[in-house]
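Residue-level structure breakdown
So the chains spell out like this:
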Amino acid sequence: MQHIDHYSRASKAAIVVQALLREGQTPPLARLPEDVQVRLTHEISNLRLVDRATMNAVVSEFIAELEGLGLAAPADMEGTLASVAQHLSPGAAARLRSEAAARVGSDPWAQIRQMKPDELAAPLSRESIEIAAVILSRLPVNRAAEALSRIPGERARRVALAFSRANHVSPLALHRIGQAIVRDYCAIEAPAFDRPPDQRVGAILNASTQRTRDTVLEGLGEDDPAFADQVRRAIFTYAHIPTRLYPQDVPKILRKIDPPDLATVIAATQGQETDDGATTAYLLANIPQRLGDTLREEAAAMDKPRRADVEKAMGVIVATLREAADQGEVNLMNTAPDDEA
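Before going into details, it helps to say that this report is about the structure given with it.

For the protein, the helix and strand inventory stands at 21 helices and zero strands. Residues counted as buried form 35% of the 341 residues belonging to the protein. For the protein, the computed accessible surface area is about 21,000 Å², with 53% contributed by carbon and sulfur atoms.

Here it is as structure tokens:
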């Protein structure tokens, strides 16, 4: 096929598309980025006459490439982002959206069509009636209907009336409108934190000593009682285990804990009429008797542990439980922990 080597890949694509059209096929050209559609159309117009041997050679080369294709990724950043965004961190996804919004030659409407109806409600409500009509005109019918239902009825009526004026928008103006919408409504910065404030404070207090936890919660209760209540519900301490961990999952968690840590907690809390004592009794009651007897013997042989060592060992148990829950190894009960006194 040496005689077709002087053709560029764009020219070969034009030959393949023209061959398909001649055979009555309808290649999905509208799915291509608009700048690619424009270039391809120019290439087709420049073909002039192509002899049959050349056409057959180009088509054969194209078919050979298709047969050797292992996978096909999206053709542009918009398509790639749409397919992988749910697997990225919020920060990475927001950064890529910002880059795509600023990229010269990108199709802004591809990004706008990826917006959810609730997200589309913002530009439809804030922009002019004519701009809102242009936005809806560029959306799939079902998506446009959902988005339209998110704005007040009177404005929705006015937007619908403006559809006739949207037909007179030039391609250049349409592109600029899309770029402005993407810049103002799509390039959203990622949230700085992946969890709400109460959960972040609760996680810190989970790893803190009892004294620190009580002091902070007392201060929060004085300054912001509502936030303090949210933090208390986010806290998960050793005392909360009986209300969160199913009995059948107790052995699975304790197998992950070093015996010295278990013995330390048992030595300090076994037999106590406290929440921590009740938790220790709950754990011992839901493991094999032989293992329970071994842990009790190790605890009885220990000197009285320091409070700091006990709290550290309790923290290890709680952290191990939370990690197992996050990884789906155990399911926690939905019962929210009671507020600490």
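Having seen it, we continue.
A cluster of nonpolar side chains, Phe-62, Ile-63, Leu-66 and Leu-69, forms an exposed patch at the surface whose accessible area comes to about 360 Å². Note that Leu-66 resides in helix α3 (residues 52-67). Accessibility expressed as a relative area gives 48% for Leu-66, which makes it partly exposed.

So, on to the packing of helix α14 (residues 210-223) against helix α15 (residues 225-234). Running from N to C, α14 and α15 cross one another at 145°; their axes reach a closest spacing of 6 Å. The residues of α15 that touch α14, namely those facing Leu-217, Leu-220, Gly-221 and Asp-223, are Pro-225, Phe-227, Ala-228, Val-231 and Arg-232. For the contact of α14 with α15, a count of residues per class yields six nonpolar, one polar and two charged.

To find leftover empty space, one rolls a probe the size of a water molecule over the atoms. Inspection of the entire model under this criterion finds one cavity of 30 Å³ or more. As a volume, the largest cavity reaches approximately 50 Å³. The wall of the largest cavity is formed by Tyr-238, Leu-254, Leu-262, Val-265, Ile-266, Thr-280, Leu-283, Leu-284, Leu-295 and Ile-317. Taken together, the elements giving at least two residues each to the lining of the largest cavity come down to α18 (259-269) and α19 (275-285). For the lining of the largest cavity, the class distribution of residues is nine nonpolar, one polar and no charged.

A few words on the side chain of Thr-269. Summarising the element assignment, Thr-269 is placed in helix α18. A polar contact is formed between the side chain of Thr-269 and the side chain of Thr-280, at a distance of 2.5 Å. In contact with Thr-269, not counting residues within four places along its chain, are Asp-276, Gly-277, Thr-280 and Met-314.

Let us look at the packing of aromatic side chains. The full count for this structure, using the stated rule, is zero aromatic pairs. Positioned above the aromatic ring of Phe-236, the side-chain terminus of Arg-244 is 5.3 Å from the ring centre.

Before going further, it helps to spend a moment on the packing of helix α7 (residues 117-126) against helix α9 (residues 141-148). Where α7 contacts α9, the two axes come as close as 8 Å, and the packing angle between them is 65°. The orientation of α7 relative to α9 falls into the category roughly perpendicular. Considering the relative orientation of α7 and α9, their crossing is right-handed. From α7, Pro-117, Leu-120 and Leu-124 reach across to α9, where they touch Arg-143, Glu-146, Ala-147 and Leu-148.

Basis of the calculations
- Residues numbered from 1 in each chain as written.
- Predicted model: local features only at pLDDT ≥ 70, side-chain atom pairs only at ≥ 80, totals over all residues.
- Heavy atoms only, no water.
- Helix = DSSP H or I, 4+ residues; strand = E, 2+ residues; numbered from the N terminus.
- Buried < 20%, exposed > 50% of the residue type's maximum accessible area, 1.4 Å probe, protein only.
- Areas by Shrake-Rupley, 256 points an atom, 1.4 Å probe, with all protein chains shown as cover.
- Patch = residues over 30% accessible without salt bridge, like charges linked within 9 Å, V, L, I, M, F, W, Y side chains within 5 Å.
- Salt bridge = Lys/Arg side-chain N within 4 Å of Asp/Glu carboxyl O.
- Axes fitted to C-alpha atoms, helices over the stretch in contact; angles between N-to-C directions.
- Contact = heavy atoms within 4.5 Å.
- Nonpolar A, V, L, I, M, F, W, Y, C, P; charged D, E, K, R; others polar.
- 1 Å grid on protein atoms, 1.4 Å probe; cavity = no way out; pocket = protein on both sides within 12 Å on 5 of 7 lines; lining within 4 Å.
- Points joined across faces, edges and corners; volume = space filled by probe spheres on them.
- Polar contact = N/O pair within 3.5 Å; in protein donor to acceptor, adjacent residues only side chain to side chain.
- Phe/Tyr/Trp six-rings, centres within 6.5 Å; stacked < 30°, edge-to-face > 60°.
- Lys NZ or Arg CZ within 6 Å of the ring centre and 35° of its normal.
- Parallel < 35°, antiparallel > 145°, perpendicular 65-115°, else oblique.
- Left-handed = near helix turned anticlockwise from the far one by under 90°.

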